[in-house]
Amino acid sequence: PLDAKLDEQAVERENDEVLDALDVTLRGEIDLVNKALERIDQGNYDKCSVCGNTIPEVRLNALPYTDRCINCAT
């Protein structure tokens, strides 16, 4: 029946939208990880990119790709 096919197509479009959103999110996270790896290579992984203070280890453990201390991030 036509209704079943239309319902199936609607679900497929919704799934495509979800997959596209996940793709964008994951690509953004990969970019952040790559930038963190560059900071490690440069020796400034734990330095805030805004104020220059040391980012606490507990923050880096929670969010390893952050480039800002909690004060500058808020």
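My aim in this report is to walk through the structure given alongside it, one point at a time. Given the structure is predicted, the values throughout are model-derived calculations rather than measurements. (Residues numbered from 1 in each chain as written. Predicted model: local features only at pLDDT ≥ 70, side-chain atom pairs only at ≥ 80, totals over all residues. Heavy atoms only, no water.)

**What about the overall build of the chain?**
A count of helices and strands for the chain gives three helices and zero strands. On C-alpha atoms alone, the chain measures out to a radius of gyration of 20 Å, which is more than a quarter above the 11 Å that the 2.2 N^0.38 rule sets for 74 residues. Its C-alpha atoms give the chain principal-axis dimensions of about 65 × 25 × 20 Å. Among the 74 residues that make up the chain, the fraction classed as buried is 11%. Considering only residue pairs separated by 6 or more positions, the chain has 21% of its internal contacts joining residues 24 or more positions apart. Carbon and sulfur atoms make up 54% of the accessible area of the chain, which amounts to about 5,900 Å² in all. (Helix = DSSP H or I, 4+ residues; strand = E, 2+ residues; numbered from the N terminus. Rg over C-alpha atoms; globule rule 2.2 N^0.38 Å. Buried < 20%, exposed > 50% of the residue type's maximum accessible area, 1.4 Å probe, protein only. Contact = heavy atoms within 4.5 Å. Areas by Shrake-Rupley, 256 points an atom, 1.4 Å probe, with all protein chains shown as cover.)

**A look at the environment of L63**
Examined against the element boundaries, L63 turns out to sit in the loop between α2 (57-62) and α3 (70-73). Put simply, L63 and N53 are 10 residues apart on the chain and 17 Å apart in space, counted from C-alpha to C-alpha.

**Observations concerning the pattern of salt bridges**
Applying the stated criterion to the full structure yields three salt bridges. Here R27 ties to D23 by a salt bridge, and the two come within 3.0 Å at their closest N and O atoms. Here R27 and its partner D23 are both found in helix α1 (residues 2-42), four residues apart, which amounts to about one turn of the helix. Given a relative accessible area of 35%, D23 falls into the partly exposed group. Measuring nitrogen to oxygen at the nearest pair gives 3.8 Å for the salt bridge that ties R68 to D67. (Salt bridge = Lys/Arg side-chain N within 4 Å of Asp/Glu carboxyl O.)

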